[in-house]
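Spelled out from the first residue to the last, the chains are:
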Amino acid sequence: MSGGTGTVTGVRAGHTRITHAALRKTLEAVTAQAFHVSPSAVGAELEDDRGLLGVKVTVKLAPPPLRSLQGGPTVFEQAQRARTAIAVRGFALTGMRLGRVDIRLTAAKRAPRPEGRVQ
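Computed from a predicted structure; not experimentally measured.

Caption draft 1: Highlighting the nonpolar core. In this structure, F35, V55, L98 and I103 are the most contacted members of the largest nonpolar core, which totals 19 residues. Not counting residues within four places of it along the chain, the set of residues in contact with V55 comprises L27, E45, L46, L98, R100, V101 and D102.

Caption draft 2: Just the pattern of salt bridges, in detail. A complete count under the given rule lists five salt bridges for this structure. Salt-bridge contacts for E28 lead to K25; the nearest nitrogen and oxygen are separated by 3.7 Å. Taken together, the residues E28 and K25, both in helix α1 (residues 20-35) and three residues apart, mark about one turn of the helix. The salt bridge partner of R100 is D102, with a shortest N-O separation of 2.8 Å. Taking the relative accessible area as the measure of exposure, R100 reaches 54% and is therefore exposed. One salt-bridge network, in which partners are shared between bridges, spans R24, K25 and E28.

Caption draft 3: Broad picture of unusual backbone geometry. We note that H36 has phi near 60°; this positive angle belongs to a residue other than glycine. Take H36: it is sitting in the loop between α1 and β1 (42-49).

Caption draft 4: Structural detail: the sheet that holds β1. Taking strand neighbours across the sheet as the criterion, the three strands line up as β1-β2-β3 in an open arrangement whose pairing is mixed. At either end of the open sheet lies a strand with only one pairing partner, and these are β1 and β3 (98-107). Averaged over all pairs of adjacent strands, the angle between strand axes in this sheet comes to 15°, irrespective of strand direction. Pairing between strand β2 (residues 52-61) and β3: eight bridges, direction parallel. The residue of β3 that forms the bridge with L53 is L98.

Caption draft 5: The environment of S40, seen in detail. As for its placement among the helices and strands, S40 is situated in the loop between α1 and β1. In this structure S40 comes out as exposed when scored by relative accessible area, which is 63%. In this structure the side chain of S40 is engaged in a polar contact, spanning 2.9 Å, whose partner is the side chain of S38.

Caption draft 6: Quick peek at the environment of V37. Here V37 lies in the loop between α1 and β1. Sequence spacing of V37 and V59 is 22 residues, and the spatial spacing of their C-alpha atoms is 8.4 Å. Excluding anything up to four places from it in sequence, V37 contacts A32, V42, V59, K60 and L61.

Conventions we followed
- Residues numbered from 1 in each chain as written.
- Predicted model: local features only at pLDDT ≥ 70, side-chain atom pairs only at ≥ 80, totals over all residues.
- Heavy atoms only, no water.
- Core = buried A, V, L, I, M, F, W, Y, C linked by side-chain atoms within 4.5 Å.
- Buried < 20%, exposed > 50% of the residue type's maximum accessible area, 1.4 Å probe, protein only.
- Contact = heavy atoms within 4.5 Å.
- Salt bridge = Lys/Arg side-chain N within 4 Å of Asp/Glu carboxyl O.
- Helix = DSSP H or I, 4+ residues; strand = E, 2+ residues; numbered from the N terminus.
- Pairing = 2+ DSSP bridges.
- Axes fitted to C-alpha atoms, helices over the stretch in contact; angles between N-to-C directions.
- Polar contact = N/O pair within 3.5 Å; in protein donor to acceptor, adjacent residues only side chain to side chain.

What follows is the structure, given as structure tokens:
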């Protein structure tokens, strides 16, 4: 305590509030990072999940090139890894424990390939 004011040195009384929009944008950014897509390709809805923060995310995911399909993780494996990353990183950034994380993958257009002959 300091100087008889009843406060601990360096600590101020008050409240910290995180708005719904800030939480949503943070989780959209975390999701975009987990899927390696632009934040504009992600949408999120927040809801109560029995006292935890429930998240429903929609990700516009471009299909991989046909040549890259051999040996890589499936879309379902990618989504499972992303679900874990969203929960862990979301908690680290917001301090809120995430409950259910629902992921909906939708198709996005792949960037046009350059003109020319494919070899």
